[in-house]
Amino acid sequence: MSVPVSRRAFIKAGLLTASAAASAPTIVRGAGASSGSELATLMDIRNCIGCEACVEACRESNADKFPEPEGEFPRMVPVERVKIEDWSSDEKREVTDRLTPYNWLYIQYAEGEYGGESFDLTIPRRCMHCRNAPCVNLCPFGAAHTQKNGIVRIDADTCLGGSKCRKVCPWHIPQRQSGVGIHLDLLPQYAGNGVMYKCDRCYQLVAQGELPACIEACPEEVQEIGPRREILEKAKTLAAEIDGFIYGADENGGTNTIYVSPVPFEVLNQALAKGPGEPHFKSVADTMAAPNRLMAALALAPVAGVIGAATRFKRTAENLTTKE
Amino acid sequence: MTTQQPSPLLAWLYRLAAVLVLFTGFCNMPIAKRYYISDLPGLGWSGDFFLNVQVHYLLGALLLALAVYFGLGRRLARSNNLGSMSFSGKLRALFLILALLTGIAMAVKNLPGVNFRHPYLMAMNLAHMFSAVLFMLTSLIALVTRRPWIKRVSRL
């Protein structure tokens, strides 16, 4: 399982050139990609060689969605609390070793030991596309939304860049570009701070029955996409075959990105570099579970009101009868 | 003809819930930390979006119970000719009901397996926000100009 870094670099250089011609879709194209059924992706991280063909393909495919700030950025109020996040310089746009508004997919590296063997794994990381995404549920303006096919998107035209989605995301995936978006037309200094960006799983391609760019470009067939139930079954079968581990099936109540790894994810998580734009692999409980439990209170409230009003009315009517 | 004020306890409960539900509603936007609200003693929770939304749910449930209690009470009172609602009261009731209904829709949307189409989701968010703001403004105007909810009240 151990792969020297030098070999990886060699393969990467060769495959970057070859990948454009060697695209091999790993999903049956007619498997409901455009039908609106819930789609999930499966990542068999044993196959990833870290060539970054997916990263390049993602950047190319989504280049027209990237932010283009114009003019000076507003002076935010209060300036000590609201930091400008600007990734628009030529140098910063080229960053590929973390998530940024211009890099929605990157390769994580994990080296270590497990079961007496060393491992050296490369892992594509991007939005998990949660089934009940807190970024969607808690966005105060409805900019984040979930499509019928399970794709979680942030609408750049309506996002104010408050970054609440990043705070409530268990993996802190969305990344902000300041100085763009509708907030500039509202109260630029006092509300919002740009637009949040993240993987939208190439929704425009999926809508046409095509594969997301990262899947299409991968020379090693690391990823597959298909109906969630089938993908989940496949992940379980694969994990059983390799005595491996699954991540994403239950995390945060279930996501539409399922990883299968030969190394436990808690071990991988310890081996990863983590920080801003570098998501973890920790176990994640359902973040919406606690608010959703309070639905019971909302359901009981009208009943309590009816009982209270009826009781009170009965008493009042009895009082009136007595007085008369 | 009987004219009575609503129970003082319920009246204060309503005022408290209305103020706090508006506060937590505003804090659903990312402003509590930005504007140092969560730095104030006792308000640290307002900067925690998950905690804030739970408090918002609970207060919404309380307001919903009170709205049904008073609303049904009004219906029963009318049948006995015991009171009538002021114009100010009707306006506040309208915006409160709108805010509650859109709030319920959004709470349902947060359940697993429930997703609204994007235009509908945005419309719900904006309707909830604007109805809540209009409820706040009409309530403030009523408070300043001392407009009552109802002209004649039965103790219901």
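Being a predicted model, the structure only gives us computed values, none of them experimental. (Residues numbered from 1 in each chain as written. Chains lettered and ligands numbered in written order. Predicted model: local features only at pLDDT ≥ 70, side-chain atom pairs only at ≥ 80, totals over all residues.)

A. Broad picture of the overall build of chain A. In terms of regular secondary structure, chain A is built from eleven helices and ten strands. Within chain A, buried positions represent 46% of all 324 residues. Residue pairs at least 24 apart in sequence account for 67% of intrachain contacts in chain A once pairs closer than 6 positions are excluded. (Helix = DSSP H or I, 4+ residues; strand = E, 2+ residues; numbered from the N terminus. Buried ≥ 20, exposed ≤ 12 C-beta atoms within 10 Å, placed from the backbone. Contact = placed C-beta atoms within 7 Å.)

B. A look at the overall build of chain B. Along the backbone of chain B there are four helices and two strands. Its helices and strands taken in sequence order, chain B reads α-α-β-α-α-β from the N to the C terminus. Out of the 156 residues belonging to chain B, those deemed buried represent 37%.

C. Main features of the sheet that holds strand 8 (residues 223-227) of chain A. Residues and elements named next belong to chain A. What the four strands build is an open sheet, ordered 8-1-10-9; its pairing is mixed. In the strand order of this sheet, the two ends are held by strand 8 and strand 9 (245-247), each with one partner. On average, each strand axis in the sheet is tilted by 25° relative to the strand beside it, whichever way the strands run. As paired elements, strand 9 and strand 10 (residues 257-261) share three bridges and run antiparallel to each other. Across the sheet, the residue bridging to Phe245 is Ser261, located in strand 10. Together, strand 1 (39-44), strand 8, strand 9 and strand 10 form the strand contacts of helix 8 (residues 228-242), whose direction differs from that of strand 1 by roughly 20°. (Pairing = 2+ DSSP bridges. Axes fitted to C-alpha atoms, helices over the stretch in contact; angles between N-to-C directions.)

D. Geometry of helix 4 (residues 118-145) of chain B. For helix 4 of chain B, built from 28 residues, the straight-helix expectation of 40 Å at 1.5 Å per residue is met to within 8% by its first-to-last C-alpha distance of 40 Å. Buried residues of helix 4 of chain B: Leu121, Asn125, His128, Ser131, Ala132, Phe135, Thr138 and Ser139 of chain B, and no others. Those residues of helix 4 of chain B hidden inside the fold are in contact with strand 4 (144-146) of chain A together with helix 1 (8-27) and helix 3 (87-109) of chain B. Trailing helix 4 of chain B by a residue or two, Arg146 of chain B shows a phi angle of about 55°, which is positive. (Expected span 1.5 Å × (residues − 1).)

E. Spatial organisation of the pairing of strand 1 of chain A. Residue and element names in this part refer to chain A. In terms of burial, strand 1 is largely enclosed, as six of its six residues are buried. Residues of strand 1 alternate between two faces, with Leu39, Thr41 and Met43 on one and Ala40, Leu42 and Asp44 on the opposite face, all of them buried. Summarising the sheet, strand 1 and strand 8 pair through five bridges and their orientation is antiparallel. What sits directly across from Leu39, in strand 8, is Pro227. In the sheet, strand 1 pairs with strand 10 via four bridges, with the strands oriented parallel. Looking across to strand 10, one finds that Met43 is bridged to Tyr259.

F. Highlighting the nonpolar core. Core analysis: the largest hydrophobic core is formed by 96 residues, its most contacted members being Cys54, Cys135 and Cys214 of chain A together with Leu63 and Leu66 of chain B. For this core, the leading source of residues is helix 2 (residues 49-79) of chain B, giving 15 residues. Split by domain, this core shows at least three residues from each of two domains, domain 1 (5-293) and domain 2 (295-324) of chain A. Among residues more than four places away in sequence, those in contact with Leu66 of chain B are Gly305 of chain A together with Leu10, Leu13, Tyr14 and Ala17 of chain B. (Core = buried A, V, L, I, M, F, W, Y, C linked by C-beta atoms within 7 Å. Domains from an automatic or database assignment.)

G. Summary view of the environment of Arg75 of chain B. Structurally, Arg75 of chain B is set in helix 2. The sequence separation of Arg75 of chain B and Tyr35 of chain B amounts to 40 residues, and the corresponding C-alpha distance is 43 Å.

H. Structural view of the packing of helix 3 of chain B against helix 4 of chain B. Residue and element names in this part refer to chain B. Running from N to C, helix 3 and helix 4 point in directions that differ by 150°, and their axes come no closer than 8 Å. Viewed along their axes, helix 3 and helix 4 adopt a mutual orientation that is roughly antiparallel. You can see that helix 3 and helix 4 cross each other, and the crossing is left-handed. Contacts between helix 3 and helix 4 involve Ser88, Leu91, Arg92, Phe95, Leu96, Leu98, Ala99, Thr102, Gly103, Ala105 and Met106 from the former and Met124, Ala127, His128, Ser131, Ala132, Leu134, Phe135, Thr138, Ser139 and Ala142 from the latter. (Parallel < 35°, antiparallel > 145°, perpendicular 65-115°, else oblique. Left-handed = near helix turned anticlockwise from the far one by under 90°.)

I. Layout of unusual backbone geometry. Residues and elements named next belong to chain A. The omega torsion of the bond from Val77 to Pro78 falls at -10°, within 30 degrees of zero and hence cis. Tracing the backbone shows Pro78 in the loop between helix 2 (53-61) and helix 3 (90-93). Despite not being glycine, His172 shows a phi value in the positive range, around 50°. By secondary structure assignment, the location of His172 is in the loop between helix 5 (164-168) and strand 6 (175-177). On the basis of neighbour count, His172 is assigned to the partly exposed category, with 19 C-beta atoms found within 10 Å. Even without being a glycine, Cys202 presents a positive backbone phi close to 45°. If you trace the backbone, Cys202 turns up in the loop between strand 7 (195-197) and helix 6 (203-206).

J. Quick peek at the interface of chain B and chain A. At the interface, 36 residues of chain B touch 39 residues of chain A. Mapped by element, the contributors of at least two residues to the side of chain B that touches chain A are helix 2, helix 3 and helix 4 of chain B. Looking at which element gives the most residues to the side of chain B that touches chain A, the answer is helix 2 of chain B, with 17 residues. Here the residues of the side of chain B that touches chain A are counted per class, giving 24 nonpolar, ten polar and two charged. (Nonpolar A, V, L, I, M, F, W, Y, C, P; charged D, E, K, R; others polar.)

K. Molecular detail of the environment of Ser88 of chain A. Residue and element names in this part refer to chain A. Topologically, Ser88 is positioned in the loop between helix 2 and helix 3. Among the residues examined, Ser88 registers 19 C-beta atoms within 10 Å and is labelled partly exposed. Residue contacts for Ser88: discarding those within four places in its chain leaves Pro67, Pro69, Arg93 and Gln177.

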